[in-house]
Amino acid sequence: MSEVINFLKENSLIYLATSGLDGNAKVRPILFYFEEGGKPYFCTANTKPMFKELDANPNCEMVVATPEFVWLRIAGKVEFTDSIELKQKVIDSNELVKALYETGENPTFEVFTISGKATIADFSGEPPKTYEL
């Protein structure tokens, strides 16, 4: 599991795919902020389409790749948290997030993690490494 978190720390810009409310796939960039209790944490606003899509269908997949073509794919279900402490930790970890939402008590601010399967792979011919989140 630490290999997954280290990969995210070194490559924090991730692409998240959701099922759009119109039935079409939607992909957008998001950032990894930190790990807590073995889980990676991300954020959004409940006014955005991404939140509405994940609220309607929490199944998603995210991927990030290095310039050397090593990639991490995480497939699973998103879980939103009501923890003000976790929300504040995300806000304190990023100046842009802090400027947008100011406090973990902001009612539009949402923090989430994902549970599922993480896979690290490359084009070396070696079998992928898999982890449970």
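One can find the structure itself at the top, above this paragraph.
Before going into details, it helps to say that this report is about the structure given with it. (Residues numbered from 1 in each chain as written. Predicted model: local features only at pLDDT ≥ 70, side-chain atom pairs only at ≥ 80, totals over all residues. Heavy atoms only, no water.)

### Things to note about the pairing of strand S7 (residues 109-121)
This is how it is decided: Accessibility here uses a 1.4 Å probe with only protein chains present; expressed as a share of the type maximum, an area under 20% marks a residue as buried, one over 50% as exposed, and anything in between as partly exposed. In DSSP terms, a helix is any run of H or I states spanning at least four residues, a strand is any run of E spanning at least two, and both are numbered starting from the N terminus. Strand pairing requires that DSSP identify at least two bridges connecting the strands.
The element S7 is largely enclosed, with a buried count of 12 among its 13 residues. For strand S4 (residues 39-45) and S7, the ladder comprises 4 bridges, and the chain directions are antiparallel. Across the sheet, residue Phe-42 finds its bridge partner in S7, namely Phe-112. Two strands pair when backbone bridges link them, and strand S6 (residues 71-81) and S7 are joined in this way by 11 bridges, in the antiparallel orientation. Across the sheet, residue Leu-72 finds its bridge partner in S7, namely Ile-120. Note that S7 and strand S8 (residues 129-132) share 4 bridges and pair antiparallel. The residue of S8 that forms the bridge with Ile-120 is Lys-129.

### So, the side chain of Ser-115
For clarity, the cut-off: Each polar contact in these results corresponds to two N or O atoms within 3.5 Å; when the atoms are within protein, one needs to be able to donate a hydrogen and the other to accept it, and residues that are neighboring in sequence are counted only if both atoms are side-chain atoms. Contacts were defined at the residue level, with two residues in contact if any of their heavy atoms lie within 4.5 Å.
In this structure, Ser-115 sits in strand S7. Here Ser-115 falls in the buried class, since its relative accessible area comes to 19%. Of the polar contacts made by the side chain of Ser-115, one reaches the side chain of Lys-39; its length is 2.5 Å. When sequence neighbours within four positions are dropped, the list of residues in contact with Ser-115 reads Lys-39, Ala-75, Gly-76, Lys-77, Glu-79 and Leu-133.

### Focus on the environment of Phe-42
For Phe-42, the position within the fold is in strand S4. Measuring from C-alpha to C-alpha, the distance between Phe-42 and Ile-30 comes to 7.4 Å, with 12 residues separating the pair along the chain. When sequence neighbours within four positions are dropped, the list of residues in contact with Phe-42 reads Ile-14, Ile-30, Leu-31, Phe-32, Tyr-33, Met-62, Glu-110, Val-111, Phe-112 and Ile-114.

### Section: the environment of Pro-40
Its place among the elements puts Pro-40 in strand S4. The class of Pro-40 is buried, set by a relative accessible area of 0%. Considered as a pair, Pro-40 and Asn-6 are 34 residues apart in the sequence and their alpha carbons are 10 Å apart. Aside from chain neighbours lying at most four places away, what touches Pro-40 is Ile-5, Leu-8, Phe-32, Phe-34, Glu-35, Phe-112, Thr-113, Ile-114 and Leu-133.

### Here's the deal with the nonpolar core
As a reminder of what qualifies: Residues enter a nonpolar core if they are buried and are Ala, Val, Leu, Ile, Met, Phe, Trp, Tyr or Cys, with the set joined through side-chain atoms within 4.5 Å.
Core analysis: the largest hydrophobic core is formed by 23 residues, its most contacted members being Val-4, Leu-8, Leu-72 and Ile-74. The set of elements that each furnish at least two residues to this core consists of helix H1 (2-10), strand S1 (13-19), helix H2 (49-56), strand S5 (59-65), S6 and S7. Non-local contacts of Leu-8, meaning those with residues more than four positions away in its chain, are made with Ile-14, Phe-32, Pro-40, Val-64, Leu-72 and Ile-74. Phe-34, Tyr-41, Leu-86 and Phe-109 belong to the second-largest nonpolar core, a separate cluster that totals 12 residues.

### What to know about the layout of surface pockets
We count it as follows: Here a cavity denotes a set of grid points, spaced 1 Å apart and computed over the protein atoms alone, in which a 1.4 Å probe fits but from which it cannot get out, and a pocket denotes an open set meeting protein on both sides within 12 Å along at least five of seven lines; residues with an atom within 4 Å of a point are reported as lining. Grid points are joined across faces, edges and corners, and a volume is the space filled by probe spheres set on the points. Three classes are used: nonpolar for Ala, Val, Leu, Ile, Met, Phe, Trp, Tyr, Cys and Pro, charged for Asp, Glu, Lys and Arg, and polar for all others, with Gly counted as polar.
Estimates place the volume of the largest pocket at around 280 Å³. Taken together, 15 residues form the lining of the largest pocket, with Pro-29, Ile-30, Tyr-33, Cys-43 and Lys-48 sitting closest to its centre. Only strand S2 (25-31), S4 and helix H4 (95-101) provide two or more residues apiece to the lining of the largest pocket. Looking at the lining of the largest pocket residue by residue, the classes come out as 11 nonpolar, 2 polar and 2 charged.

By themselves these figures say nothing about function.
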